[in-house]
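Here is how the chains run, residue by residue.
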Amino acid sequence: MESPGMALSDKYGGDNPPAIMVRGAYKRYNPYSVVLRGLNMTVPEGTIYGLLGPSGCGKTTLLSCMVGRCQLDAGDIQVKARTKSNIGYMPQELALYQEFSIKETMTYYGRLFGMSHKQIETRTYELLKFLELPNENNIVSRLSGGQERRVSFAVALLHDPQLLILDEPTVGVDPVLSASIWQHLLDMTANGNKTVVITTHYIEEARQAHTIGLMRDGTLLAEESPSQLLLKHNCSTLEQAFLELSKRQTRSSIMDKEDENCNIETYPVPSRKPLAPLKPDNICSKSRIVAQLLKNFYWMKRNIPIMCFLMILPVVQCYLFCTCIGRDPQGLKLGVVNEELKNGMSSCSNYPSSGCNFSVPLSCRYLQNLKDKSYKLIEYDSLDEAKFAVKKNKVWGVLYFEEGYSESLGARIKMPENITDRVLNISDVNIWQDMSNQYVSNLLRRDMLSRYVMFLESVFRDCDWPIALADIPIKLEDAIYGDNNPSFGHFTAPAIISLFEFYLPMVFTVGAILMEKMGGLLERSLVAGVTVTEVILSHIVVQYIVLSVQTALMMLVLFVFFDNPMVGSLVWSLSLLFLTGTSGMCYGFMVSVFCNTDTSATFMGLGSFFPLAMLSGMIWPLEGMHWILRSVGWILPITLSTESFRALSARDWSITHPTVYKGFLSASGWIGVFMLVTIIVVKKNNGLRNVTK
């Protein structure tokens, strides 16, 4: 093989440069995973170059470097087709949108390459006929494996490129059609204007190529025409020649262990970064943006059930939240031991429900107040039996009235100066509670006290005594913000909608990008010239449409249907929610560039969901947390925005209030942080891509 510095005209004669020239190519993903080892390769223009080699030898990495999707560590690649629009690329995986029809697939990629509608129609008809594909309205997922490969091949041929790079184009294709494809490739290169680089596992099939490169362990073992290769090594088949060259390389590697591993000491470190083989694309192109939006529209049209689910999900979540959280428990059971009723609680109907008579059992009036609050009263004969029922979780508490309760209560009210300790004790209502459930036990305590005050007030009213004396001397005036009887749901509603606004866009973003990323769809689009900026912009447009519908539905459910407080500016409230949604979307972009699989993205999403939910003040006020957690909570993405939304919706504070504008600043700041991290990772990885070898 010639040295890297050999003049190209010396080898090919004439002044025309080759279509592709690779010199001294090195590439590794870590010090112990060297993929390309000083590879030299020359692809003559107007020819078919067959690149053969086992899986993992570096073919895919080499092709990625040729199309500018991967950068060499050292060496140079020169490609005559200087722009991506002059390259047709068919990856090893299908990289097709399974939900699209053949026509929609061709329309999307045609728009990417700036083709007109008429050009796309004409070219699609030609390719369908040549590749013997079914009607253009057939869905890709319903095609056979061979037909899917042919559609992928048609995409590479669609814009009539100057250079074709095909990775295993004939896998799963019947021999007759495979021969037809090869004949078409030969016809394309006959006039010298088209160049084809093709990889294949069918070694003998590659005999139709003009030049063959045999690749193993990141180097080319040979680069000659098939006839010269067979003659030189005295072999009858290419497979025999490849085997002979592989044996020679193995013997050479055994003699030189250092070269086999390409250790850090021998790995080249160039003074400058290798130049990109292709011209950089414009950051934004109208045709590519339109193509991306068209693709997103096709996907939504083909996935109506998923889109309906995305719209209904926040409605269901908000409905479940409002119906399951914040409402007082109903039908709680309380045990009653009433010794002043000889015939039990059933005899209460025999006594008057009003009047200033302390000789009748007044406990009946108090118990009736509890029943009116929807409590179920269970009567027991003895205190021990009632306490045992509490231990067995049959009731939440026990109320005990001693014999002579009503007379003692009257004496306590009328003659407090002459009352004895015994009378005081009898006039008490003794209560034993199950305090294991804080919310239920505090609710019971609150209601038992408030209902007792109501009972005393009715007695004082009947006796023509000042009603105010029946209550404690503290008067709660009308609340400045909110209601005097606040609901836990009113407190958590702003946190719930903020949390959904953050996580729903994140889930949609991660799902959409990972679907394309894992299927090779995103990589194929990037090879076709799409930029990461265009991917993000087109996704933002679609996401805002979805987010607008989701936000409108959540606002209707939370603040109209369930009447949670919304007294502030609707414009500022919606602006804050959209800012929070944008923050969640940007978080989704960041997760997408870090994760290559659904599993890792799920772990990252769930791992961040619970800390955000717990530390954002949704479940419990930040003021009740440990000061360290409180300090961490304030800097999380949705904490300040939640407080800001609560201040807007429940307090009608203006944008100039620190609590309000801090929420806007926090959401904006996190958008910047997430996008900065995304940009850094994208630049480091040269796009949103999985590492391939």
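Residues numbered from 1 in each chain as written. Predicted model: local features only at pLDDT ≥ 70, side-chain atom pairs only at ≥ 80, totals over all residues. Heavy atoms only, no water.

- In the nomenclature of an unreviewed UniProt entry, the protein is known as ABC transporter G family member 23 of Rhopalosiphum padi.
- Here the protein is described in UniProt, under the heading Subcellular location (unreviewed entry), as follows: "Membrane". (UniProt positions renumbered as here; feature names shortened; annotations may be inferred.)

### Things to note about the overall build of the protein
Here is step 1 of the chain: The helix and strand inventory of the protein stands at 24 helices and 13 strands.
Here is step 2 of the chain: The C-alpha atoms of the protein give 39 Å as radius of gyration, which overshoots the globular expectation for 693 residues (26 Å, by more than 25%).
Here is step 3 of the chain: Taken over the C-alpha atoms alone, the protein extends approximately 125 × 60 × 50 Å along its principal axes.
Here is step 4 of the chain: Across the 693 residues that make up the protein, the buried fraction comes to 49%.
Here is step 5 of the chain: Looking at the protein alone, contacts between residues at least 24 apart form 75% of all its contacts between residues at least 6 apart.
Here is step 6 of the chain: Split by element, the accessible area of the protein, about 33400 Å² in all, is 58% carbon and sulfur.
Here is step 7 of the chain: Averaging the coordinates of the 63 positive side-chain charges in the protein and doing the same for the 64 negative ones gives two points 5 Å apart. (Helix = DSSP H or I, 4+ residues; strand = E, 2+ residues; numbered from the N terminus. Rg over C-alpha atoms; globule rule 2.2 N^0.38 Å. Buried < 20%, exposed > 50% of the residue type's maximum accessible area, 1.4 Å probe, protein only. Contact = heavy atoms within 4.5 Å. Areas by Shrake-Rupley, 256 points an atom, 1.4 Å probe, with all protein chains shown as cover. Lys, Arg positive; Asp, Glu negative; His and termini not counted. Charge placed at Lys NZ, Arg CZ, Asp CG, Glu CD.)

### Description of the UniProt feature "domain: ABC transmembrane type-2" (unreviewed entry) in the protein
Here is step 1 of the chain: The sites that UniProt annotates as "domain: ABC transmembrane type-2" (unreviewed entry) are residues 457-685.
Here is step 2 of the chain: Between the end C-alpha atoms of residues 457-685 there is a gap of 75 Å, over a span that is 72% helix and 0% strand.

### Observations regarding the packing of helix α3 (residues 102-112) against helix α10 (residues 286-302)
Here is step 1 of the chain: Direction vectors running N to C along α3 and α10 enclose 160°, while the axes themselves pass 7 Å from each other. By the angle class used here, α3 and α10 are roughly antiparallel. The interaxial crossing formed by α3 with α10 has left-handed handedness. Taking contact as the criterion, the partners of E104, T107, Y108, R111 and L112 in α3 are, on α10, S287, R288, A291, Q292, L294, K295, Y298, K301 and R302. (Axes fitted to C-alpha atoms, helices over the stretch in contact; angles between N-to-C directions. Parallel < 35°, antiparallel > 145°, perpendicular 65-115°, else oblique. Left-handed = near helix turned anticlockwise from the far one by under 90°.)

### Points about the packing of aromatic side chains
Here is step 1 of the chain: Scanning all chains against the criterion turns up 27 aromatic pairs.
Here is step 2 of the chain: A centroid spacing of 4.9 Å and a plane angle of 80° characterise the contact between F561 and F562, whose relative ring orientation is edge-to-face.
Here is step 3 of the chain: The exposed category is assigned to F561, whose relative accessible area is 62%.
Here is step 4 of the chain: Note on F562: relative accessible area 17%, which makes it buried.
Here is step 5 of the chain: Following the ring pairs from residue to residue traces out a cluster consisting of F502, Y503, Y587, F609, F610, W670 and F674.
Here is step 6 of the chain: Positioned above the aromatic ring of Y109 is the side chain of R524, whose terminal nitrogen or guanidinium carbon lies 5.6 Å from the ring centre. (Phe/Tyr/Trp six-rings, centres within 6.5 Å; stacked < 30°, edge-to-face > 60°. Lys NZ or Arg CZ within 6 Å of the ring centre and 35° of its normal.)

### Some points on the pairing of strand β6 (residues 163-167)
Here is step 1 of the chain: A large share of β6 lies buried, amounting to five of its five residues.
Here is step 2 of the chain: The two faces of β6 match: L163, I165 and D167 on one face and L164 and L166 on the other face are all buried.
Here is step 3 of the chain: Here strand β5 (residues 87-90) runs beside β6; their pairing, made up of four bridges, is parallel. Considered in β6, the bridge of Y89 is made with I165.
Here is step 4 of the chain: In the sheet, β6 pairs with strand β7 (residues 195-199) via five bridges, with the strands oriented parallel. Of the residues in β7, the one forming a bridge with L164 is V196. (Pairing = 2+ DSSP bridges.)

### Regarding a nonpolar patch on the surface
Here is step 1 of the chain: A surface patch of nonpolar side chains, amounting to about 510 Å² of accessible area, comprises I312, V316, Y319, L320 and F561.
Here is step 2 of the chain: Along the chain, L320 falls in helix α11 (residues 304-324).
Here is step 3 of the chain: Assessed through its relative accessible area of 44%, L320 is described here as partly exposed. (Patch = residues over 30% accessible without salt bridge, like charges linked within 9 Å, V, L, I, M, F, W, Y side chains within 5 Å. Salt bridge = Lys/Arg side-chain N within 4 Å of Asp/Glu carboxyl O.)

### Some words on the state of the cysteines
Here is step 1 of the chain: Scanning the entire structure with this criterion turns up two disulfides.
Here is step 2 of the chain: Across a sulfur-sulfur distance of 2.0 Å, C348 and C364 are joined as a disulfide pair. Of note, the bridge from C348 to C364 carries an S-S torsion of about -75° and is left-handed in sense. With a gap of 16 residues between them, C348 in the loop between β10 (333-338) and α12 (363-372) and C364 in helix α12 connect regions that are remote in the sequence. For the pair shown, C348 and C364 are each scored as buried.
Here is step 3 of the chain: Here C356 connects covalently by a disulfide to C463, the sulfurs 1.6 Å from one another. (Disulfide = S-S within 2.5 Å.)

### Digging into the UniProt feature "transmembrane region" (unreviewed entry) in the protein
Here is step 1 of the chain: Under the UniProt annotation, the feature "transmembrane region" (unreviewed entry) is placed at residues 304-325, 495-515, 535-562, 574-594, 600-620, 627-648 and 660-682.
Here is step 2 of the chain: Regarding residues 304-325, the helix share stands at 95% and the strand share at 0%, and the terminal C-alpha atoms are separated by 31 Å.
Here is step 3 of the chain: Split by type, residues 660-682 is 100% helix and 0% strand. Its first and last C-alpha atoms lie 34 Å apart.

### A closer look at the side chain of Q550
Here is step 1 of the chain: Mapped onto the elements, Q550 comes out in helix α19 (residues 532-561).
Here is step 2 of the chain: Judged by its relative accessible area of 2%, Q550 falls in the buried class.
Here is step 3 of the chain: Within the structure, Q550 has its side chain in polar contact with the backbone oxygen of L310 (distance 2.8 Å). (Polar contact = N/O pair within 3.5 Å; in protein donor to acceptor, adjacent residues only side chain to side chain.)

### Some words on helix α17 (residues 488-518)
Here is step 1 of the chain: Look at α17: 43 Å from first C-alpha to last across 31 residues, which is about the 45 Å you get at 1.5 Å a residue.
Here is step 2 of the chain: At P494, α17 shows its largest bend, some 25°.
Here is step 3 of the chain: For α17, a buried count of 23 out of 31 residues is recorded, marking the element as mostly surrounded by other parts of the structure.
Here is step 4 of the chain: Its side-chain oxygen placed 3.1 Å from the backbone nitrogen of G489, S487 serves as the N-cap of α17.
Here is step 5 of the chain: G520 occupies a position one or two residues after α17 and carries a positive phi of about 80°. (Expected span 1.5 Å × (residues − 1). Bend = angle between axes of the 7 residues up to and from the residue.)

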